[in-house]
Amino acid sequence: SAVISQKPSRDICQRGTSLTIQCQVDSQVTMMFWYRQQPGQSLTLIATANQGSEATYESGFVIDKFPISRPNLTFSTLTVSNMSPEDSSIYLCSVEDRGGFGQTSGISYEQYFGPGTRLTVT
Amino acid sequence: EDQVTQSPEALRLQEGESSSLNCSYTVSGLRGLFWYRQDPGKGPEFLFTLYSAGEEKEKERLKATLTKKESFLHITAPKPEDSATYLCAVFAGSQGNLIFGKGTKLSVKP
């Protein structure tokens, strides 16, 4: 399984400012994902980041608010721009692992998460 | 619309008291159902992926099963260290992302 680290682990920011979250993986992965987990809510996918191409954003999330970089196969950043208190959340980096042939479908699929970045906007 | 519902929202057990958590789903083209454990202040920890109805997987005191409409996470003789929030997610269609339920918060008292 992949080992994922995130920086910072937590931060308190003032409204109107921006924060960049870093995600580092210990192995090369094709697809990286950024999720948000708001208090008491389930995880929601923000965007998918592939190396060498622009990120693909889910409905309700836009590049101007959440710009993403993916400079290589082990690293990605998510920026939360022009923050408001509604952006207070846990932000999680995730990677997929499409493994070998152990299932009847011929494909195994696992997805791993980093420890998260707890953001509080005041 | 694809949807995942987990029940109960919270479950309190005594140590050694076995029980089950439920995850019901409505998706088109299920490609996999995932179970995660999440401790406070940490990211979700991968437990299982189930791919087809009838499939079962086990890990220590946990056993996950899958039908065409729901999945169960059975916890046998739980210990206090099993206390956590258990998340269910589905991987469906061509979206390529996981759709999560809100989780079941499990508390096991000694």
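Residues numbered from 1 in each chain as written. Chains lettered and ligands numbered in written order. Predicted model: local features only at pLDDT ≥ 70, side-chain atom pairs only at ≥ 80, totals over all residues. Heavy atoms only, no water.

### Quick notes on the confidence of the model for chain A
Low pLDDT marks regions whose predicted coordinates should not be analysed in detail. Residue and element names in this part refer to chain A. Confidence in the prediction of chain A, expressed as mean pLDDT, is 90, and 93% of residues score 70 or more. No element of chain A has a lower mean pLDDT than strand 10 (residues 109–113), at 88, and none a higher one than strand 3 (residues 19–25), at 98. Across residues 100–104 the pLDDT falls below 50, and counting only partners more than four positions away or on other chains, this stretch makes eight contacts in the model. (pLDDT = per-residue confidence, 0-100. Helix = DSSP H or I, 4+ residues; strand = E, 2+ residues; numbered from the N terminus. Contact = heavy atoms within 4.5 Å.)

### Considerations on the state of the cysteines
Summed over all chains, the structure comprises two disulfides over all chains. One disulfide in the model links A:Cys23 with A:Cys93; its S-S distance is 1.9 Å. Taking the sign of the S-S torsion, about -65 degrees here, the bridge from A:Cys23 to A:Cys93 comes out left-handed. Taken as a pair, A:Cys23 in strand 3 and A:Cys93 in strand 9 (residues 89–98) lie far apart in primary sequence, 70 residues in all. Each member of the pair, A:Cys23 as well as A:Cys93, carries the same accessibility label: buried. Note that B:Cys23 is cross-linked by a disulfide to B:Cys88, the S-S spacing being 1.9 Å. Residues B:Cys23 and B:Cys88 share a disulfide whose torsion about the S-S bond is about -60 degrees; that sign makes it left-handed. You can see B:Cys23 sitting in strand 3 (residues 19–26) and its partner B:Cys88 sitting in strand 9 (residues 84–92), a full 65 residues away along the chain. (Disulfide = S-S within 2.5 Å. Buried < 20%, exposed > 50% of the residue type's maximum accessible area, 1.4 Å probe, protein only.)

### Things to note about the pairing of strand 2 (residues 10–14) of chain B
Within a regular strand, the side chains alternate between the two sheet faces. All names here are of chain B. The alternating pattern of strand 2 places Leu-11 and Leu-13 on a buried face, while none of Ala-10, Arg-12 and Gln-14, on the opposite face, is buried. Here strand 2 pairs with strand 11 (residues 104–109) via five bridges, running parallel. The partner of Ala-10 across the bridge, within strand 11, is Lys-105. (Pairing = 2+ DSSP bridges.)

### A few points about the sheet that holds strand 1 (residues 3–7) of chain B
Residue and element names in this part refer to chain B. If you walk across this open sheet you meet the five strands as 1-3-8-7-6, and the pairing is antiparallel. Two strands lie at the open edges of the sheet, namely strand 1 and strand 6 (56–59), each paired on one side alone. Along the sheet, successive strands turn relative to each other by an average axial angle of 15 degrees, direction set aside. (Axes fitted to C-alpha atoms, helices over the stretch in contact; angles between N-to-C directions.)

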